[in-house]
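Geometric and topological summary
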Amino acid sequence: MEEPNFQKVFTPNDTVVCGMKMKDTTLGNTLGKVPELTLVFWIIKVAATTLGETGGDAVSMSMNLGYLVSTVIFSAVFLIAVTIQIKAPRFHPIIYWITIVATTTVGTTLADFTDRSLGIGYTGGSSLLLTLLLISLVIWHRTFGSISVDTVNNPKTEAFYWVTIMFSQTLGTALGDWTADSAGFGYGGSAVIFGAILAVVAALYFWTKISRTFLFWTAFILTRPLGAVVGDFLDKSRDLGGLALSRYTASITLLAFMVVCILIFPQRPAKKAH
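Below, the discussion takes up helix α6 (residues 155-182). Taking 1.5 Å per residue, 28 residues should reach 40 Å; α6 reaches 39 Å between its end C-alpha atoms and fits that length. For α6, the capping residue at the N-terminal end is Asn154, with a side-chain oxygen 3.1 Å from the backbone nitrogen of Lys156. Gly184 sits one or two residues past α6 and shows a positive phi near 80 degrees.

Here you go:
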């Protein structure tokens, strides 16, 4: 009787156990549902936050739907997007960035509704949203022992991840409005301030041993007000210090830029923490 031949060609993801080929799922199990943190990630993130500002204003202001109706619309879009993202079996750049944009648009209209329609003001709105963000991070940490993006690899941690991001995007909008209006720095001055702070965060990342998780969330939160003030600079009227560009044109241009970046620069999923 001819002996079975187990010496067959196998792929790098296969393992031979007792002469038999077995599928190695270790690589798949070490990949998360969020992208690897690279320079391209941060470039697309800033573009997404700017798009969130111009897109949110286009619906609430240019379409005259108001902050409340716009928030309801974008909240529905966010819930649909985040559900698809969480149910996706693996990281997919298009789905991920659609969800990010959904958080920025709902963050824009929700912050404007809180600050202006409810009359809380930029300072009160920023304080409230900062509190909600910190509560979200504390509960996440107490539940799983970490708030690192490396741990975002299952539906429960993803839920915390996206709720935290939504709060951070909303806070960023309020914070950007506060620096530009209440603090009197204007859109250009606020962009310089947030850009400079982000440069300091980058320097701390490369030249210190400060917690990478802390630096990530600091940078993630600060890119939102940067995008908010840049978006306002693009579409606000000239008498308010803006360029008075069409919100629709600015939004389409930013969306096209994001799509090009995603297609030209492939993104890999972050490795899961062990």
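Looking now at the environment of Ser146. Within the secondary structure layout, Ser146 lies in the loop between α5 (121-144) and α6. Excluding residues that lie within four positions of it along the chain, Ser146 makes contacts with Trp140, His141 and Thr151. A polar side-chain atom of Ser146 sits 3.1 Å from the main-chain amide nitrogen of Ser148.

Here Gln267 is to be found in the loop between α9 (247-264) and β4 (269-271). Setting aside anything within four residues of it in sequence, one finds Gln267 in contact with Pro35, Ile44, Phe91, Pro93, Trp97 and Ile262.

Confidence in the prediction for the protein chain averages 84 pLDDT; 88% of positions are at 70 or higher. Confidence drops under pLDDT 50 across residues 1-30; counting only partners more than four residues distant or on other chains, this segment forms 23 contacts.

Turning our attention to a nonpolar patch on the surface. Among the surface-exposed residues, Met63, Leu65, Val69, Ile73, Val77 and Tyr248 lie close enough to one another that they form a single nonpolar patch of about 480 Å² accessible area. Among the elements that take part in the nonpolar patch, helix α3 (residues 66-87) stands out by supplying three residues, more than any other. Structurally, the position occupied by Ile73 is in helix α3. Judged by relative accessible area, which is 37%, Ile73 ranks as partly exposed.

A few words on the pattern of salt bridges. One pass over the structure, following the stated rule, counts nine salt bridges. Residue Arg268 pairs with Glu36 through a salt bridge whose shortest N-O separation is 2.8 Å. Separated by 232 residues along the polypeptide, Arg268 in the loop between α9 and β4 and Glu36 in the loop between β3 (31-35) and α2 (39-62) bring together distant segments of the chain. Salt-bridge contacts for Arg224 lead to Glu53; the nearest nitrogen and oxygen are separated by 3.4 Å. Highlighted residues: Arg224 in helix α8 (residues 212-235) and Glu53 in helix α2, separated in sequence by 171 residues. Of the two residues examined, Arg224 and Glu53, each falls in the buried class. Overlapping salt bridges bring together Asp57, Asp232, Asp235, Lys236 and Arg247 as one network.

Turning our attention to the packing of α2 against α3. At a closest axis distance of 8 Å, the pairing of α2 and α3 adopts a crossing angle of 130 degrees. Looking at the two axes, α2 sits oblique to α3. At the point where α2 passes α3, the crossing takes the right-handed sense. Between α2 and α3, the residues in contact are Gly55, Gly56, Val59, Ser60 and Met61 and Gly66, Tyr67, Ser70 and Phe74, respectively. Classifying every residue of the contact of α2 with α3 by side-chain character gives four nonpolar, five polar and no charged.

Right, let's get into unusual backbone geometry. For Asn64, which is not a glycine, the phi torsion comes out positive at approximately 60 degrees. Looking at the secondary structure, you find Asn64 in the loop between α2 and α3. You can call Asn64 exposed: its relative accessible area is 67%. In the Ramachandran plot, Ala244 falls in the positive-phi region, its phi being about 60 degrees despite a non-glycine side chain.

This part covers the nonpolar core. Grouped together as the largest cluster of nonpolar side chains are 43 residues, with contacts concentrated most on Tyr96, Trp97, Ile100, Tyr161, Trp217 and Met258. Of all elements in the fold, only α2, α3, α4 (93-117), α5, α6, α8 and α9 reach the threshold of two or more residues within this core. If we skip the residues at most four places from it in the chain, Tyr161 touches Val34, Tyr96, Trp140, Val149, Val152 and Trp217. Counting seven residues, the second-largest nonpolar core is a separate cluster that includes Phe194, Val201, Leu222 and Leu226.

What follows is about the packing of aromatic side chains. All told, the structure shown has 15 aromatic pairs when counted by the stated rule. Their ring planes at 50 degrees and their centres at 5.8 Å tell us that Trp42 and Phe216 sit as a pair that is tilted. Separated by 174 residues along the polypeptide, Trp42 in helix α2 and Phe216 in helix α8 bring together distant segments of the chain. Taking the relative accessible area as the measure of exposure, Trp42 reaches 22% and is therefore partly exposed. Classification of Phe216 as buried rests on a relative accessible area of 5%. Over the ring of Phe220 we find Lys45; its NZ or CZ atom is 4.2 Å from the centre of that ring. For Arg212, the ring lying beneath its charged end belongs to Tyr205, and the centroid distance is 4.6 Å.

Rules behind the numbers
Residues numbered from 1 in each chain as written. Predicted model: local features only at pLDDT ≥ 70, side-chain atom pairs only at ≥ 80, totals over all residues. Heavy atoms only, no water. Helix = DSSP H or I, 4+ residues; strand = E, 2+ residues; numbered from the N terminus. Expected span 1.5 Å × (residues − 1). Polar contact = N/O pair within 3.5 Å; in protein donor to acceptor, adjacent residues only side chain to side chain. Contact = heavy atoms within 4.5 Å. pLDDT = per-residue confidence, 0-100. Patch = residues over 30% accessible without salt bridge, like charges linked within 9 Å, V, L, I, M, F, W, Y side chains within 5 Å. Areas by Shrake-Rupley, 256 points an atom, 1.4 Å probe, with all protein chains shown as cover. Salt bridge = Lys/Arg side-chain N within 4 Å of Asp/Glu carboxyl O. Buried < 20%, exposed > 50% of the residue type's maximum accessible area, 1.4 Å probe, protein only. Axes fitted to C-alpha atoms, helices over the stretch in contact; angles between N-to-C directions. Parallel < 35°, antiparallel > 145°, perpendicular 65-115°, else oblique. Left-handed = near helix turned anticlockwise from the far one by under 90°. Nonpolar A, V, L, I, M, F, W, Y, C, P; charged D, E, K, R; others polar. Core = buried A, V, L, I, M, F, W, Y, C linked by side-chain atoms within 4.5 Å. Phe/Tyr/Trp six-rings, centres within 6.5 Å; stacked < 30°, edge-to-face > 60°. Lys NZ or Arg CZ within 6 Å of the ring centre and 35° of its normal.

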